[in-house]
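What the coordinates show
Residue-level listing of the chains:
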Amino acid sequence: GYAQLLSDPLYVESYVNSLQFASISTLGCLLLGYPIAYGIARTTPGWRLLLLTLVILPFWTSSLLRTYALTGLLRDNGLVNQALLALGLLDAPIRLIDTPFAVYVGITYNYLPFMVLPLVANLMRLDFTLLQAAADLGARPWRAFLSVTLPLSLPGILAGSLLVLIPAVGEYVIPALLGGPGSLSIGQRIWEDFFNARHYPLAAAVAMAMLVLIVVPMLLFESVQERRARREAERA
């Protein structure tokens, strides 16, 4: 089974596609989720509860239903193309569905709360008086953000990124519904091997290879972080 994974370009392509979908979508979640989380953390407790409810609200419906809804928005005669045509930005509909772009949109939309919630929890513990101190010392807002807020929020960024990246690598539904035949993912290959080809040893090998591909680098990273934190504690 493992020899076939290395020799069959279809499986290699599936792994590469899945890592690409997950990595770019994780970056998209971070770019969208960080400003949202920062705004929620800085607002009053009453508004914070309302905004967090709005972030969690998509979880009240099935991920499958939300993905199907995106197909209606992204199809050639969907709402997105109609809006762009009405605004005069396009002369003819563009192909959005059955493209890698649609997969990025789908994963980012479905997994965005997993990025926002850890960031909110981290940023709420941030002492914002440090930003005032930085301003008193002459730091501009962007400099204070890069020097104070961003480094202190790195644990939240890491937690949110892992919560998005790990399940997104094995995503099956979103690439199948939004990506079309050209967006083959490793989740689709496992499904095909298990339920269509009924090649259980090969499917198990694919799943184990995916697990090793994801978990081992994460464990190594965690080990490096723990050693770094231990050295910093010893210096203090």
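To start, this report covers the structure provided alongside it. (Residues numbered from 1 in each chain as written. Predicted model: local features only at pLDDT ≥ 70, side-chain atom pairs only at ≥ 80, totals over all residues. Heavy atoms only, no water.)

**Quick notes on the pattern of salt bridges**
Taken as a whole and judged by the stated rule, the model has two salt bridges. In this structure, Arg95 and Asp76 form a salt bridge, with 3.1 Å as the shortest nitrogen-oxygen distance. You can see Arg95 sitting in the loop between α5 (79-86) and α6 (100-124) and its partner Asp76 sitting in the loop between α4 (63-74) and α5, a full 19 residues away along the chain. A relative accessible area of 48% means that Arg95 is categorised as partly exposed. One salt-bridge network, held together by shared partners, links Asp76, Arg95 and Asp98. (Salt bridge = Lys/Arg side-chain N within 4 Å of Asp/Glu carboxyl O. Helix = DSSP H or I, 4+ residues; strand = E, 2+ residues; numbered from the N terminus. Buried < 20%, exposed > 50% of the residue type's maximum accessible area, 1.4 Å probe, protein only.)

**Let's talk about a nonpolar patch on the surface**
On the surface, Trp47, Leu50, Leu54, Ile56, Leu57, Phe59, Trp60, Phe114, Leu117 and Leu163 cluster together to form a nonpolar patch covering roughly 940 Å² of accessible area. Those elements that provide at least two residues to the nonpolar patch are α3 (45-56) and α6. Looking at the nonpolar patch element by element, the count peaks at four residues for α3. Of note, Ile56 is situated in helix α3. Residue Ile56 is classed as partly exposed on the basis of its relative accessible area, which comes to 33%. (Patch = residues over 30% accessible without salt bridge, like charges linked within 9 Å, V, L, I, M, F, W, Y side chains within 5 Å. Areas by Shrake-Rupley, 256 points an atom, 1.4 Å probe, with all protein chains shown as cover.)

**Re α6**
With 25 residues, α6 extends 35 Å between its outermost C-alpha atoms, agreeing within 8% with the 36 Å of an ideal straight helix rising 1.5 Å per residue. Largest kink in α6: about 50°, centred on Tyr111, with the proline Pro113 one to four residues after it. (Expected span 1.5 Å × (residues − 1). Bend = angle between axes of the 7 residues up to and from the residue.)

**A word on the packing of aromatic side chains**
Pairs of aromatic rings are described using the distance from one ring centre to the other and the angle between the two planes. Counted by the stated rule, this structure contains four aromatic pairs. Here the aromatic rings of Tyr34 and Phe145 are separated by 5.7 Å at their centres, their planes lie at 90°, and the arrangement is edge-to-face. In this pair, Tyr34 sits in helix α2 (residues 9-42) while Phe145 sits in helix α8 (residues 141-152), placing the two residues 111 residues apart along the sequence. Given the relative accessible area of 9%, Tyr34 is considered buried. (Phe/Tyr/Trp six-rings, centres within 6.5 Å; stacked < 30°, edge-to-face > 60°.)

**Points about the side chain of Ser185**
Structurally, Ser185 is set in the loop between α10 (173-179) and α11 (186-196). Side-chain polar atoms of Ser185 contact the backbone oxygen of Glu171, separated by 3.4 Å. Not counting chain neighbours up to four residues away, the residues in contact with Ser185 comprise Ser14, Ser18, Glu171 and Pro175. (Polar contact = N/O pair within 3.5 Å; in protein donor to acceptor, adjacent residues only side chain to side chain. Contact = heavy atoms within 4.5 Å.)

**Description of α11**
Taken as a whole, α11 has its buried residues at Ile186, Gly187, Gln188, Arg189, Ile190 and Asp193. Once α11 finishes, Arg198 follows within two positions and takes phi at roughly 55°, a positive value.

**Some words on the environment of Trp142**
Residue placement: Trp142 occurs in helix α8. The exposed category is assigned to Trp142, whose relative accessible area is 54%. On a C-alpha basis, the gap between Trp142 and Pro155 in space is 20 Å, while along the polypeptide they are 13 residues apart.

**Points about the packing of α6 against helix α9 (residues 154-169)**
For any two helices packed against each other, the geometry is given by the interaxial angle and the distance between the axes. Direction vectors running N to C along α6 and α9 enclose 155°, while the axes themselves pass 8 Å from each other. Between α6 and α9, the angle is such that the two are roughly antiparallel. Viewed along their axes, α6 and α9 form a crossing whose handedness is right-handed. Here Ile107, Tyr111, Phe114, Met115, Pro118, Leu119 and Asn122 of α6 come into contact with α9, specifically with Pro155, Gly156, Ile157, Ala159, Gly160, Ser161, Leu163, Val164, Pro167 and Ala168. Within the contact of α6 with α9, the residues separate by chemical class into 13 nonpolar, four polar and no charged. (Axes fitted to C-alpha atoms, helices over the stretch in contact; angles between N-to-C directions. Parallel < 35°, antiparallel > 145°, perpendicular 65-115°, else oblique. Left-handed = near helix turned anticlockwise from the far one by under 90°. Nonpolar A, V, L, I, M, F, W, Y, C, P; charged D, E, K, R; others polar.)

Keep in mind these numbers describe shape, not what the thing actually does.
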